[in-house]
Amino acid sequence: MSTLSDELARRLGISKEAFEARAAEKKREGALAARRDAEQRAATEHLLRAPRYPGAQPMTLAEARALLAKVPPLPANPAVDGLFDPETFTLPSVQWIDGAVELDELHLPAGGSNLIVAGALVIRGTLKQDFRAGGLLVLGDLRARHLVTTAELACTGDLTVDGVLFGNCTNYATNVWGKARAQVLISAKEHAFCFWGGHLAECTVDVEGGAPNLGGGQYTGETMHQVLHADFGDGRDEAQVAALLRRRDTALR
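The structure contained in this document is the topic of the report that follows. This is a predicted model, so every value here is computed, not measured.

1. Overview of the pairing of strand β2 (residues 94-97)
1) Next: Going residue by residue along β2, you find Val94 and Trp96 tucked away on one face and Gln95 and Ile97 tucked away on the opposite face as well.
2) Next: Pairing of strand β1 (residues 57-59) with β2 involves three bridges; the strand directions are antiparallel. The residue bridging Pro58 from the neighbouring strand is Gln95, located in β2.
3) Next: Examined bridge by bridge, β2 and strand β5 (residues 114-117) share four bridges and lie parallel to one another. Bridging across to β5, Ile97 finds its partner in Val117.

2. Re the environment of Arg41
1) Next: Here Arg41 lies in helix α2 (residues 16-49).
2) Next: Considered as a pair, Arg41 and Lys70 are 29 residues apart in the sequence and their alpha carbons are 24 Å apart.

3. Brief notes about the nonpolar core
1) Next: By size, the foremost hydrophobic cluster in this structure holds 32 residues, and its most contacted members are Leu115, Leu121, Leu127, Leu136, Leu142, Leu159 and Leu165.
2) Next: Excluding residues that lie within four positions of it along the chain, Leu165 makes contacts with Leu147, Leu159, Ala182, Val184, Leu185, Ile186, Phe193 and Phe195.
3) Next: Membership of the second largest hydrophobic core comes to 18 residues, among which are Ala188, Val205, Tyr219 and Ala251.

4. Some details on the pattern of salt bridges
1) Next: Within the structure shown, the criterion is met by 13 salt bridges.
2) Next: A salt bridge links Arg124 to Asp104, with the shortest nitrogen-to-oxygen separation between them at 2.7 Å. Linking Arg124 in strand β6 (residues 121-129) with Asp104 in the loop between β3 (101-103) and β4 (106-108), this pair joins segments that are 20 residues apart in sequence.
3) Next: For the salt bridge of Asp162 with Arg143, the shortest nitrogen-to-oxygen distance reads 2.8 Å.

5. Brief notes about helix α4 (residues 238-248)
1) Next: Inspection of α4 places Glu238, Val241, Ala242, Leu244 and Leu245 among the buried residues, and these make up the whole buried set. Down the axis of α4, the buried side of the element spans an arc of 160°, and every buried residue falls inside it. Pointing more than 90 degrees away from the buried face of α4 are the exposed residues Arg246 and Arg247.
2) Next: Where α4 is buried, its residues contact β6, β8 (142-149) and β10 (159-168).
3) Next: Measuring from the backbone nitrogen of Ala239 back to the side-chain oxygen at the start of α4 gives 3.0 Å, which picks out Asp237 as the cap.
4) Next: One or two steps after α4, the chain reaches Asp249, where phi turns positive at roughly 65°.

6. So, the environment of Ile186
1) Next: With respect to the helices, strands and loops of the structure, Ile186 is situated in strand β12 (residues 180-188).
2) Next: With a relative accessible area of 0%, Ile186 lands in the buried category.
3) Next: Distance in space between the C-alpha atoms of Ile186 and Ala201 is 9.8 Å, their sequence separation being 15 residues.
4) Next: Other than its neighbours up to four places away in sequence, Ile186 contacts Val164, Leu165, Phe166, Gly167, Phe193, Val205, Val207, Leu228, Phe232 and Ala251.

7. Things to note about the side chain of Thr160
1) Next: Mapping Thr160 onto the fold places it in strand β10.
2) Next: Judged by relative accessible area, which is 18%, Thr160 ranks as buried.
3) Next: Every residue in contact with Thr160, bar those within four places of it in the chain, is listed here: Leu142, Arg143, Ala144 and Arg181.

8. Let's talk about helix α3 (residues 61-68)
1) Next: Residues Leu61, Ala64, Arg65, Leu67 and Leu68 constitute the buried set of α3. Axial view of α3: buried residues confined to an arc of 160°, hence all on one face.

9. Things to note about unusual backbone geometry
1) Next: Between Leu91 and the following residue, Pro92, the backbone shows a cis peptide bond with an omega angle of 10°.
2) Next: Of note in this structure, Cys169 is not a glycine but carries a positive phi near 115°.
3) Next: Within the fold, Cys169 resides in the loop between β10 and β11 (173-176).
4) Next: Overall, Cys169 belongs to the buried group, its relative accessible area being 10%.

The rules behind these values
- Within every chain, residues take consecutive numbers counted from 1 along the sequence as written.
- Where local features are concerned, this predicted model is filtered to residues with pLDDT of at least 70; where side-chain atom pairs are given and counted, the filter is 80 or more; whole-chain, interface and lining totals use all residues.
- Side-chain metrics rest on all non-hydrogen atoms present in the structure, leaving aside hydrogens and water.
- Buried residues are those whose accessible area, probed at 1.4 Å on protein chains only, stays under 20% of the maximum for their type, while exposed residues exceed 50% and partly exposed ones sit between those limits.
- Think of it this way: any DSSP run of H or I at least four residues long counts as a helix, any run of E at least two long counts as a strand, and we number them from the N terminus.
- In short, DSSP must find at least two bridges between two strands for them to pair.
- By nonpolar core we mean a set of buried residues, namely Ala, Val, Leu, Ile, Met, Phe, Trp, Tyr and Cys, connected to one another through side-chain atoms within 4.5 Å.
- Two residues qualify as a contact provided that any one of their heavy atoms is within 4.5 Å of a heavy atom in the partner residue.
- One speaks of a salt bridge when a side-chain nitrogen belonging to Lys or Arg is within 4 Å of a carboxyl oxygen belonging to Asp or Glu.
- When we speak of the arc, we mean the arc of directions from the helix axis to the C-beta atoms.
- The definition of a polar contact used here is a pair of N or O atoms within 3.5 Å, where within protein one atom must be able to donate a hydrogen and the other to accept one, and adjacent residues in sequence count solely through side-chain atom pairs.

This is a description of form; function is not addressed.
What follows is the structure in structure tokens.
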């Protein structure tokens, strides 16, 4: 007995299997389009209440995905264990800066938008990402006096931190395509620093002693207090670390 699928396939001049595969693909495309529409509505609402970053403008998710599709793949480096997921920098919403920018400070608060900088980013003071803040993607070089991150950060150029580079939280990673340099490099809670172009630091502290890609760190656990200021505490509180850097401009003794 002929079915509707049989008849439609016959009219199209294709097999029933090919017709059903085509129908399934259209259904998937429709579901994806509906989901993307819902995501954009949510992103638009989120942008209305999210704090605006200096010099940034809103970006649709479709525009963001088109830009993210042009991000170069991670460089090959067998010594580094990590990955880069472009979707991390879409939801809940996206702001972007069209070109290079230099700022005194940059703070990405918890629950805020992702920020994409389409050029070099220079922070004369401290760049701070709160826990569960929006991700920061810099499509160029990134330079800061201090950098305190507990969220997702990626830089397709070189990363230069004149003072302290502090990463906290296993849920997020710091990916750098180029060379990373810092005076003091600190991984707390086994934060994953993925320096695909290699890195150089005068002092490396691995608070937990098991951070990936650091080879154990120059100082771990209790030995970190040989070089770090007493106010650094147990090394797991990013707010305490940021306050210390504002007060002393260094985490070293």
